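Each chain is listed here by its residues.
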There are 2 protein chains.
Amino acid sequence: MTKPLTRRQQEVLDLITGTLASHGYPPTRAEIAQALGFRSANAAEEHLKALKRKGVIEMIPGASRGIRVVNHEPANSATASEPATETQGLAVIGQVAAGSPVLATEHIDHYCPLPADFFSPRADYLLRVKGLSMRDAGILDGDLLAVHRTSDVRNGQIVIARIGEDVTVKRFERSAKGIRLLAENPDFEPIIVDPSEGFDIEGVGVGIIRGDNGQGLH
Amino acid sequence: MTKPLTRRQQEVLDLITGTLASHGYPPTRAEIAQALGFRSANAAEEHLKALKRKGVIEMIPGASRGIRVVNHEPANSATASEPATETQGLAVIGQVAAGSPVLATEHIDHYCPLPADFFSPRADYLLRVKGLSMRDAGILDGDLLAVHRTSDVRNGQIVIARIGEDVTVKRFERSAKGIRLLAENPDFEPIIVDPSEGFDIEGVGVGIIRGDNGQGLH
DNA sequence: TCATTGACTGTAATTGTATCCAGTATTTTA
DNA sequence: TAAAATACTGGATACAATTACAGTCAATGA
């Protein structure tokens, strides 16, 4: 988890969810400012940016009322008494905090009802992909990448690597000159690995799952 | 009860609830127009006024996205009528023979151990994608496309369409001039639909699964 | 046959909103 | 103790969005 919210930030978040519940749409910056007594809409803007940094909301640039409250816990109501069957599926890893093991429980967003042997080789967990650096390999922002934990990777494979404190998904290339991690998007430069920085292969990509909830793919 | 909604009005209402579910806030007039293929936002405005007259929505004057869907019946979430396909999972459709229904048993390649509600809206079957015409949408040759059967599709959605005897996956675009199916790859030309040829929407894409057996992704 | 309604196109004025910039003060963290 | 983050004021601007007005076209019912 990231930093906890400050009291004021919690008030802003509560106002957003409250407005959503009572009005059916999120508030504007001006409405937040008015409700909480700010004289400037910019105060609201900065609170929203802080909430976004802490991952509790999303902001849609340019869209009026473009605020989405991110739902961390599934909070399922219908299947209240699920008898804790061992079939909890694959863990979905969201934002990975700097410098901690990928599979630490605090990163687990939810579980996906998939058997581990759905992919081959076996998938150990699912990683939510951020950014478009692998766009041309058909891996888009928000996709779930099925990861098989191994350090035994080959040239051309899509690997999950840790460089220093960052986790990244790239195509692997080892030559006499060393290791390079290649993006599949001309907007991104290849990463030349400096082993002294701390470098690890976390695993290899064995599958992709994409599912846009609600409206179909876009 | 007031007058029932016209088909078009129902589509507008569905779009509003759909946007609410997927984005967390209602659409603007311009977004409604874009999604349903109107050239004028005023068409959306007039549909909204009609929906308001019939009591299914409220409009908040002056507020952007100021649309509230009025809830008459609670519409309990208990999913009563499950299609009972839970046991064998989703059918994977391979090569579809010319001029026969997609879901005919002879096309079923195998079954995939996935619950139908893994995707939202519900996936009815998986279609193995041939070719690279949707490459830039992150849909590659051999991917499994999760398909929700419906003929109610909106502009910009990825649809599964039948033209004459061919089944194809494309981005849907309806305007005053007619229907076009757009590839997501500059090497492919848009398809202008000639309704006399026989044209059907089979469904809408709701997810993607890719898993290269054996060697990881390539 | 004419008025009405539904379903639009197109233009445009006005207002709503996001979002930047430049400050100030206080509190937290390194 | 300096740097960073929090919590604002105030102003400005460009774009987003609502919504009125003026039409067109087709179907429907009186």
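Residues numbered from 1 in each chain as written. Chains lettered and ligands numbered in written order. Predicted model: local features only at pLDDT ≥ 70, side-chain atom pairs only at ≥ 80, totals over all residues. Heavy atoms only, no water.

Visitor: Before we go on, may I ask you to explain the protein's contact with DNA strand D in this structure?
Guide: The full set close to DNA strand D counts 25 residues, and Arg8 and Arg39 of chain A together with Arg29, Gly62 and Arg65 of chain B are the nearest of them. Ser40 of chain A has a polar side-chain atom sitting 3.0 Å from a base nitrogen of DNA strand D. Between DNA strand D and Ser64 of chain A there is a distance of 3.2 Å, counted from a phosphate oxygen to a backbone nitrogen or oxygen. For the surface near DNA strand D, the elements supplying multiple residues, two or more each, are helix H1 (7-23) and helix H3 (41-53) of chain A together with helix H3 (41-53) of chain B. Counted by class, the surface near DNA strand D contains 5 nonpolar, 11 polar and 9 charged residues. (Near = heavy atom within 4 Å. Polar contact = N/O pair within 3.5 Å; in protein donor to acceptor, adjacent residues only side chain to side chain. Helix = DSSP H or I, 4+ residues; strand = E, 2+ residues; numbered from the N terminus. Nonpolar A, V, L, I, M, F, W, Y, C, P; charged D, E, K, R; others polar.)

Visitor: Looking at this structure, I do not really get the environment of Leu36 of chain A. What am I missing?
Guide: Residue and element names in this part refer to chain A. Mapped onto the elements of the fold, Leu36 is located in helix H2 (residues 29-36). A relative accessible area of 19% places Leu36 in the buried class. On a C-alpha basis, the gap between Leu36 and Leu15 in space is 8.6 Å, while along the polypeptide they are 21 residues apart. Excluding residues within four positions of it along the chain, Leu36 makes contact with Arg8, Glu11, Val12 and Leu15. (Buried < 20%, exposed > 50% of the residue type's maximum accessible area, 1.4 Å probe, protein only. Contact = heavy atoms within 4.5 Å.)

Visitor: Honestly, the interface of chain A and chain B in this entry has me stumped. Any pointers?
Guide: How large an interface is tends to be reported as the accessible area lost when its parts come together. Listed as interface residues are 45 residues of chain A and, on the opposing side, 48 residues of chain B. When the two sides are added together, the surface that chain A and chain B hide from each other amounts to roughly 3400 Å², 52% of it contributed by carbon and sulfur. On inspection of chain A and its partner chain B, the count reaches 0 salt bridges. Looking at the side of chain A that touches chain B, the elements with two or more residues in it are H1, strand S2 (67-69) and strand S11 (199-210) of chain A. Examining the composition of the side of chain A that touches chain B, we find that 6 residues originate from one element, S11 of chain A, more than from any other. Grouping the amino acids of the side of chain A that touches chain B by side-chain chemistry returns 22 nonpolar, 17 polar and 6 charged. Note: S11 of chain A against strand S11 (residues 199-210) of chain B, 3 bridges, orientation antiparallel. (Buried area = accessible area lost by both parts, 1.4 Å probe. Salt bridge = Lys/Arg side-chain N within 4 Å of Asp/Glu carboxyl O. Pairing = 2+ DSSP bridges.)

Visitor: Looking at this structure, I do not really get the pattern of salt bridges. What am I missing?
Guide: Pairs may arise between side chains of opposite charge once their charged atoms sit close together. All names here are of chain B. All told, the structure shown has 22 salt bridges over all chains when counted by the stated rule. Asp143 is paired through a salt bridge with Arg210; the nearest N and O atoms lie 2.9 Å apart. Here the residue Asp143 occupies a position in the loop between strand S5 (125-128) and strand S6 (144-148), and Arg210 occupies one in strand S11, the gap between them amounting to 67 residues. For the pair shown, Asp143 and Arg210 are each scored as buried. A salt bridge links Arg171 to Glu184; the nearest nitrogen and oxygen atoms lie 2.6 Å apart.

Visitor: Teacher, can you tell me more about the protein's contact with DNA strand C here?
Guide: Neighbouring residues of DNA strand C: 24 residues in total, closest Gly62 and Arg65 of chain A together with Arg8, Arg39 and Ser64 of chain B. For DNA strand C, the fraction of protein-proximal atoms (within 4 Å) that sit in sugar or phosphate groups is 71%. Residue Glu46 of chain B places a side-chain N or O atom 2.9 Å away from a base nitrogen belonging to DNA strand C. Per-element accounting of the surface near DNA strand C gives the leading share, 5 residues, to H3 of chain B.

Visitor: I'm lost on the confidence of the model for chain A in this one. Help?
Guide: Detailed reading of predicted coordinates is not advised where the pLDDT is low. Residues and elements named next belong to chain A. With 78% of its residues at a pLDDT of at least 70, chain A reaches an overall mean of 76. Confidence drops under a pLDDT of 50 for residues 73-87, and excluding neighbours within four residues, the segment shows 1 contact in the predicted structure. The low-confidence segment residues 95-106, where pLDDT is below 50, has 25 contacts with residues more than four positions distant or belonging to other chains. (pLDDT = per-residue confidence, 0-100.)

Visitor: Explain H3 of chain B here, please?
Guide: Side chains of residues three or four places apart in an α-helix project in the same direction, reflecting 3.6 residues per turn. All names here are of chain B. For H3, with 13 residues, the first-to-last C-alpha span of 19 Å sits near the 18 Å given by 1.5 Å per residue. Looking at H3, one finds that the buried residues are Ala44, His47, Leu48, Ala50 and Leu51. Viewed along the axis of H3, the buried residues span an arc of 160°, placing them on a single side of the element. Elements in contact with the buried residues of H3: helix H1 (7-23), helix H2 (29-36), strand S1 (57-59) and strand S2 (67-69). A distance of 3.1 Å separates the backbone nitrogen of Asn42 from a side-chain oxygen at the start of H3, and that oxygen is part of Ser40. Looking one or two residues beyond H3, the residue adopting positive phi is Gly55, at roughly 80°. (Expected span 1.5 Å × (residues − 1). Arc of directions from axis to C-beta.)

Visitor: I keep staring at the pairing of strand S7 (residues 158-163) of chain A and nothing clicks. Help me out?
Guide: Looking along a regular strand, one sees the side chains alternate between the two faces of the sheet. All names here are of chain A. Within S7, 6 of the 6 residues are buried, leaving the element largely enclosed by the surrounding structure. As paired strands, S7 and strand S8 (residues 166-175) are joined by 6 bridges and run antiparallel to one another. For Arg162, the partnering residue across the bridge sits in S8 and is Val167. Of the strand pairs in this sheet, S7 and S11 are connected by 5 bridges, and their pairing is antiparallel. Paired with Ile160 across the strands is Gly203, a residue of S11.

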